[in-house]
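So you can see what is in the structure, the chains are spelled out below.
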Amino acid sequence: MRIGELADTVGVTTRTVRHYHHQGLLPEPERMANGYRTYTLRHVVVLARIRRLTELGLGLAEVRDVLADEAGKDLTEVLEELDADLARQEAAIRERRARLRALLGTEGALPPEGPVSEELAELFAGMGDVSGSPMAVRDREMLALLESTVAPEDREGLLAALRDGLGSPEAVARAHRAYALLDELADAGADDPRVVEAARVLADCVPVELLPEEGVVLDSGTGSGAGSGAGSGAGAGAGFMGALYADFAPGQAEAIRQAMEIASRRRRS
């Protein structure tokens, strides 16, 4: 049997057969006097087994281990591990599809920061069009980032805090006011007299659950701090916050620093 006939019998390509030879999975056949390689029924059986194992999802290294075990005892163990792994992947895919269906079923267009959860998409929709406010756009980007990186056990707490902070027309109006004041500080210095008013309005928007952890230094010189509007650090460290807000204008960074101080004092009182 020539290599083409072997490949056709098992349903693979001749290139695949040669690759398995190179990987040491399929024994090289003997050559006849004319130089052609002749494959036997044993090669057909081994090649068919390799194909079945790879179709089940085993890598070539795992296939090699299975073939090396003449008793086949390890095959059952490998397949049980593979089955468990496939079950985990299947569950993860079902969860992701459920999230996608929820997003696709959300009324209105998906937010530009998406994909985000249905709950956060609803909060964004309730904020109305914020495309004209650079600070609002940045805040929403941060909230989308936080939702995607927060631990699963903390996600519901994050969303609950955001619902408290943005769940009423009055709260939304305060957030828009804070965004507008911070936008006005885009070219302002830290000593700009408008900083105090922006900090006061911003402090009224930040849920205490989203304040940085105790001990995190909020440095207006580096922009470290929590988010603008309704969103903030949710326990993020100073290094993360400093990197995220390093491009704030000095006046904006100072307003955020003062707002966090005001909100922190309220939490302690």
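Look up: the structure comes first, before these words.
Residues numbered from 1 in each chain as written. Predicted model: local features only at pLDDT ≥ 70, side-chain atom pairs only at ≥ 80, totals over all residues. Heavy atoms only, no water.

**Q** Is there a simple way to think about the overall build of the protein in this case?
**A** Looking only at helices and strands, the protein has 12 helices and zero strands in total. Counting from the amino terminus, the protein carries its helices and strands in the arrangement α-α-α-α-α-α-α-α-α-α-α-α. (Helix = DSSP H or I, 4+ residues; strand = E, 2+ residues; numbered from the N terminus.)

**Q** What exactly am I supposed to notice about a negative patch on the surface here?
**A** Where like charges cluster on the molecular surface, the negative patch consists of Glu62, Asp65, Glu77, Glu80, Glu81 and Asp83. Looking at the negative patch, the elements that each hand over two or more residues are helix 4 (60-68) and helix 5 (73-104). Per element, the largest residue contribution to the negative patch is four residues, and it comes from helix 5. Relative to the helices and strands, Glu81 is located in helix 5. (Patch = residues over 30% accessible without salt bridge, like charges linked within 9 Å, V, L, I, M, F, W, Y side chains within 5 Å. Areas by Shrake-Rupley, 256 points an atom, 1.4 Å probe, with all protein chains shown as cover. Salt bridge = Lys/Arg side-chain N within 4 Å of Asp/Glu carboxyl O. Lys, Arg positive; Asp, Glu negative; His and termini not counted. Charge placed at Lys NZ, Arg CZ, Asp CG, Glu CD.)

**Q** Can you walk me through the pattern of salt bridges in this structure?
**A** Two side chains carrying opposite charge are able to pair once their charged atoms lie near each other. Applying the stated criterion to the full structure yields 11 salt bridges. With a shortest N-O distance of 2.5 Å, Arg163 and Glu156 are connected by a salt bridge. Residue Arg163 is classed as partly exposed on the basis of its relative accessible area, which comes to 34%. Here Glu156 falls in the partly exposed class, since its relative accessible area comes to 43%. Residues Arg200 and Asp204 are paired through a salt bridge, measuring 4.0 Å at the closest nitrogen-oxygen approach. On the basis of relative accessible area, Arg200 is assigned to the partly exposed category, the value being 41%. (Buried < 20%, exposed > 50% of the residue type's maximum accessible area, 1.4 Å probe, protein only.)

**Q** I would appreciate a short explanation of the nonpolar core in the present structure.
**A** What tends to happen in soluble globular proteins is that the nonpolar side chains get buried as a cluster. Residues Leu120, Met127, Leu182, Leu185 and Leu202 are the most contacted members of the largest nonpolar core, which totals 40 residues. Every residue in contact with Met127, bar those within four places of it in the chain, is listed here: Arg140, Leu166, Val172, Ala175, His176 and Tyr179. Counting 18 residues, the second-largest nonpolar core is a separate cluster that includes Leu6, Ala7, Tyr20 and Leu25. (Core = buried A, V, L, I, M, F, W, Y, C linked by side-chain atoms within 4.5 Å. Contact = heavy atoms within 4.5 Å.)

**Q** I'm lost on the packing of aromatic side chains in this one. Help?
**A** With the rule as written, the count across this model stands at zero aromatic pairs. The cationic tip of Arg2 hangs over the ring face of Tyr36; the distance from NZ or CZ to the ring centre is 4.2 Å. For the cation-ring pair, Arg140 lies above Phe124, with the distance from its terminal atom to the ring centre recorded as 4.3 Å. (Phe/Tyr/Trp six-rings, centres within 6.5 Å; stacked < 30°, edge-to-face > 60°. Lys NZ or Arg CZ within 6 Å of the ring centre and 35° of its normal.)

The values reported here are purely geometric and, on their own, carry no functional implication.
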